[in-house]
Amino acid sequence: MRSTRSAIGTVAVRVIAPLAIVSALVPSPALALGGPGHEGGGSVDDEGNLGAGVTHSSIKVTYKSGGEGGGKKGTLAPIDPNWKPPACWYEPAYTPEQLKKAAEAGEVDDAGIHEFWSDAIFIDHYDKGEANDNFDDENSRAEGYKNYNIGKDGYFWRGVAPDDTDPDSWDCGRIMFWQDAGTVPDIPHAPTPEMLAEYAYDKVKVPETEVELKPEAKSTVNMPTWVWLDKGTFKDVKVRAELPNTGLWAETTAKPKSLHLEPGTSDAETFPASGECVINEDGSIGTPYAKGKSKQDPPCGIKYLRATGGKPYQLKASITWEISWEGSDNDGKHLLPNGTFETTQDMDVQEIQSINR
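Keep in mind that this is a model prediction, so the values were computed, not measured.

The next subject is the layout of surface pockets. There is about 160 Å³ of room inside the second largest pocket. Looking at the second largest pocket, the residues that line it are Lys84, Pro85, Pro86, Ala87, Pro162, Asp163, Asp166, Tyr199, Asp202 and Lys203.

Mean pLDDT over the protein stands at 80; residues scoring 70 or higher make up 77%. Predicted confidence in the protein is weakest over strand β3 (residues 21–22), with a mean pLDDT of 28, and strongest over strand β15 (residues 177–180), with 98. In the model, residues 5–52 has pLDDT below 50 throughout and makes 190 contacts with residues more than four positions away in sequence or in other chains.

On to the side chain of Asp136. Tracing the sequence through the fold places Asp136 in the loop between β12 (132–133) and β13 (141–142). There is no salt bridge for the buried Asp136, and the closest opposite charge comes from Arg174, which lies 4.2 Å off by N-O distance. From its side chain, Asp136 meets the backbone nitrogen of Asn139 in a polar contact 2.9 Å long. A polar contact of 2.7 Å, which involves the side chain of Asp136, links it to the side chain of Ser140. If we skip the residues at most four places from it in the chain, Asp136 touches Gly173 and Arg174.

Turning our attention to empty space enclosed by the protein. Roughly 40 Å³ of internal volume is contained in the second largest cavity. In terms of lining residues, the second largest cavity is bounded by Gly112, Ile113, His114, Glu115, Phe135, Trp170, Cys172, Gly173 and Arg174. Residues belonging to the lining of the second largest cavity are distributed by class as follows: four nonpolar, three polar and two charged.

What follows deals with the state of the cysteines. By definition, a disulfide links two cysteine residues through a covalent bond between their sulfur atoms. One pass over the full model with this rule turns up two disulfides. Disulfide pairing is shown between Cys88 and Cys172; the S-S distance is 2.1 Å. Because the torsion about its S-S bond is 85 degrees, the bridge between Cys88 and Cys172 counts as right-handed. One end of the pair, Cys88, is in the loop between β8 (77–78) and β9 (89–94); the other, Cys172, is in the loop between β14 (154–160) and β15, and 84 residues separate them in sequence. Cys88 gets classed as buried once you look at its relative accessible area, which sits at 5%. Here Cys277 is linked by a disulfide to Cys300, with a sulfur-sulfur distance of 2.1 Å. As the torsion about the S-S bond is roughly 95 degrees, the Cys277-Cys300 disulfide counts as right-handed. Remark: Cys300 occurs in the loop between β23 (276–278) and β24 (301–304) and Cys277 occurs in strand β23; sequence separation between them is 23 residues. Both residues of the pair, Cys277 and Cys300, count as buried. Sequence-ordered numbering of the bonded cysteines in the protein gives a disulfide pattern of 1-2, 3-4.

Moving on to helix α2 (residues 119–126). Helical periodicity: at 3.6 residues per turn, an α-helix aligns residues three or four positions apart in one direction. For α2, every residue scored as buried is listed here: Ile121, Phe122, His125 and Tyr126. Along the axis of α2, the buried positions cluster into a sector of 105 degrees, meaning they face one direction only.

Once that is clear, we can look at the nonpolar core. Ile59, Leu76, Leu196, Leu259 and Tyr304 are the most contacted members of the largest nonpolar core, which has 44 residues in total. Looking at this core, the elements that each hand over two or more residues are β6 (60–65), α3 (193–203), β20 (237–243), β21 (248–262), β24, β25 (313–327) and β26 (334–347). Here this core gets seven residues from one element, more than from any other, and that element is β25. Beyond its immediate stretch of four places on either side in the chain, Tyr304 contacts Thr220, Val221, Asn222, Pro263, Thr265, Asp267, Ala268, Tyr313, Leu315, Met347 and Val349. The next biggest cluster of nonpolar side chains, apart from the first, holds 29 residues, and it includes Tyr94, Trp117, Tyr148 and Phe156.

For Gly159, the position within the fold is in strand β14. Judged by relative accessible area, Gly159 falls into the buried class, the value being 0%. With 18 residues separating them along the chain, Gly159 and Phe177 place their C-alpha atoms 9.5 Å apart. Among all residues touching Gly159, those that are not within four sequence positions of it are Val54, Trp89, Tyr90 and Ile113.

In spatial order, the strands read β9-β14-β15; together these three strands make up an open sheet with antiparallel pairing. Across the chains shown, the open sheet's two edge strands, defined by having one partner strand only, are β9 and β15. If you compare each strand with its neighbour and ignore which way they point, the axes differ by 45 degrees on average. Here four bridges tie β14 to β15, and the two strands are oriented antiparallel to one another. Across the sheet, Gly154 pairs through a bridge with Asp180, a residue of β15.

For α3, the tally of buried residues reaches eight of eleven residues, placing the bulk of the element in the interior. Inspection of α3 places Pro193, Met195, Leu196, Ala197, Glu198, Tyr199, Ala200 and Tyr201 among the buried residues, and these make up the whole buried set.

Procedures and definitions
Residues numbered from 1 in each chain as written. Predicted model: local features only at pLDDT ≥ 70, side-chain atom pairs only at ≥ 80, totals over all residues. Heavy atoms only, no water. 1 Å grid on protein atoms, 1.4 Å probe; cavity = no way out; pocket = protein on both sides within 12 Å on 5 of 7 lines; lining within 4 Å. Points joined across faces, edges and corners; volume = space filled by probe spheres on them. pLDDT = per-residue confidence, 0-100. Helix = DSSP H or I, 4+ residues; strand = E, 2+ residues; numbered from the N terminus. Contact = heavy atoms within 4.5 Å. Buried < 20%, exposed > 50% of the residue type's maximum accessible area, 1.4 Å probe, protein only. Lys, Arg positive; Asp, Glu negative; His and termini not counted. Salt bridge = Lys/Arg side-chain N within 4 Å of Asp/Glu carboxyl O. Polar contact = N/O pair within 3.5 Å; in protein donor to acceptor, adjacent residues only side chain to side chain. Nonpolar A, V, L, I, M, F, W, Y, C, P; charged D, E, K, R; others polar. Disulfide = S-S within 2.5 Å. Arc of directions from axis to C-beta. Core = buried A, V, L, I, M, F, W, Y, C linked by side-chain atoms within 4.5 Å. Pairing = 2+ DSSP bridges. Axes fitted to C-alpha atoms, helices over the stretch in contact; angles between N-to-C directions.

Given below as structure tokens:
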């Protein structure tokens, strides 16, 4: 029986009427997912469970630098709304011996992302040489194999999709195919250093942008709130993604670029007026608040012009990260869309109270 599946940093911004920020990147668990080298092929998830699903990848992700600190984490949101990580690609899945063992034991059924085969069809195609159809754009015909290519040096490659319900995952419609060792197929959606860089981008975790008030009283109308970051608080993070048995790798670097403040109301001023506080050459942001500066305009900060009146403003603080990568293509540094991560906090603002005598 043959069937198909359808898929029709910790950035802590401390608002004081001085405010400080702390950022660090903490890695998500490194992915060391199966494929070749594991009994029966397939893949191993973060809990060490062996599987053979097409939603598992053998791409290995490690943090080369950065990643210190604790606290809640989040995934960067690309500033370009049209950009997204790869929906599918092909990668090595089984050696001849692994595929034979898995097929004869009935432990493999996914010939492709949307191709579910019975044991008999697997044996007919990969052992007895019976041809079968691909689900690629050309609706091409895939020739069969004899005895799982035992004795040949290479791997059977299969499509992988992190989310097989994504309509774009249908772009990788070839059934599992043979590729000689040391080579990469010259077909659409074959893995490349750029694809691995994009995959690594999607795995970068940045700290939640936590805004804290100090002192813990309400902010006051027309009194500026200073925002700053001590030098050395922000650190670049470098994430490496490599695909075993291909020689392909990429290292994606996220570099903090600026802090952006949105007061949550039009009755406010930001400093600078754009609300974009750039990171200084020494890694700091703004200038630390000091006694006697309470009535000065800060180089980075906010001044509310109207009290909240019982309903707090929604203050947003976000960090923009510049994303670049280098890889096994040895073609130098490349850029990916900047990423950002923001959080929102209630901001109460009170009027200055005075007594006339």
